[in-house]
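Notes for the structure review
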Amino acid sequence: QVQLVESGGGLVQAGGSLRLSCAASGRSFSSYAMGWFRQAPGKEREFVAYIRSNGSPYYADSVKGRFFISRDYAKNTVYLQMNSLKPEDTAVYYCAADVSLVKLRAHLGEYWGQGTQVTVSS
């Protein structure tokens, strides 16, 4: 059974940092693009960052320079290092994966995790 399991969320003060992890199991994701998305209460889910199968990253403007995505091929895991957190970063963060970067960016990833809550207090 293929699964993506996020962890690392929690409550942090503004200006703080968190590192999210997305552990994949059931198959190798080395050839997949993997991404992070988030959904705040009452808002639509939005793209945060993705990392290509070759390791090159891309970020939404809202997190550029503060968030950093990386992946460990041996551990089949993708990370999201979040620094200088703001209250507007509060959301449920989801990990997703797809062989197609186009589909991933369109929120049509083949695999999705269950999400992890990040709450940033002011």
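Structure: above.
The rules we used
- For every chain, the first residue of the written sequence is number 1, and numbering continues from 1 onward in sequence order.
- Side-chain atom pairs in this predicted model are given and counted only at pLDDT of 80 or more, local residue features only at pLDDT of at least 70, and totals for whole chains, interfaces and linings cover all residues.
- Calculated side-chain values reflect all of the structure's heavy atoms, with hydrogen atoms and water omitted.
- Note that a disulfide, as used here, is simply two cysteine sulfur atoms within 2.5 Å.
- Runs of H or I in DSSP of at least four residues are treated as helices and runs of E of at least two as strands, each being numbered from the N terminus.
- Only protein chains enter the area calculation, which uses a 1.4 Å probe; residues under 20% of their type maximum are buried, those over 50% are exposed, and those in between are partly exposed.
- Two aromatic rings, drawn from Phe, Tyr or Trp (for Trp, its six-membered ring), form a pair once their centres lie within 6.5 Å of each other, and the interplanar angle then sorts them: stacked below 30 degrees, edge-to-face above 60, tilted otherwise.
- Strand pairing is assigned whenever DSSP detects at least two bridges linking the two strands.
- Axis definition: a line fitted to C-alpha atoms, limited for helices to the stretch in contact. Angles are taken between N-to-C directions and run from 0 to 180 degrees.

Things to note about the state of the cysteines
Inspection of every chain in the model, using the stated rule, returns 1 disulfide. Disulfide pairing is shown between Cys-22 and Cys-95; the S-S distance is 2.1 Å. Its S-S torsion of approximately -75° makes the covalent link between Cys-22 and Cys-95 left-handed. Of this pair, Cys-22 sits in strand β3 (residues 18-25) while Cys-95 sits in strand β9 (residues 91-98), and the two are 73 residues apart along the sequence. For the pair Cys-22 and Cys-95, a shared accessibility class is recorded, and that class is buried.

What to know about unusual backbone geometry
Note on backbone geometry: most residues besides glycine have negative phi, and most peptide bonds are trans. Unlike most non-glycine residues, Ser-84 shows phi in positive territory, near 50°. Structurally, Ser-84 can be placed in the loop between β8 (77-82) and β9. What makes Ser-84 partly exposed here is its relative accessible area of 42%.

Some details on the packing of aromatic side chains
According to the stated counting rule, one finds 9 aromatic pairs in the structure shown. With a centroid separation of 6.0 Å and 45° between ring planes, the pair formed by Tyr-32 and Tyr-111 is classed as tilted. With Tyr-32 in the loop between β3 and β4 (33-39) and Tyr-111 in strand β10 (residues 111-112), the pair connects residues that are 79 residues apart, well separated along the chain. Of the residues examined, Tyr-32 reaches a relative accessible area of 3% and is grouped as buried. For Tyr-111, a relative accessible area of 16% puts it in the buried group. Centroid distance Phe-47 to Tyr-58: 6.1 Å. Interplanar angle 25°. Geometry classified as stacked. Placement of Phe-47 in strand β5 (residues 46-51) and of Tyr-58 in strand β6 (residues 57-59) is noted, with a sequence separation of 11 residues between them.

Considerations on the pairing of β9
Among the 8 residues of β9, 7 are classified as buried, and the element is accordingly described as predominantly covered. Pairing between β4 and β9: 7 bridges, direction antiparallel. Paired with Met-34 across the two strands is Ala-97, which belongs to β9. Note: β9 against strand β11 (residues 116-121), 3 bridges, orientation antiparallel.

Looking at the sheet that holds strand β7 (residues 67-72)
Spatial strand order, β1-β3-β8-β7: 4 strands in an open sheet with antiparallel pairing. Two strands close off the open sheet at either side, each with one partner strand: β1 (3-7) and β7. Direction aside, neighbouring strands of the sheet carry axes that sit 15° apart on average. Relative to β3, β1 runs antiparallel, the two being bridged by 5 bridges.

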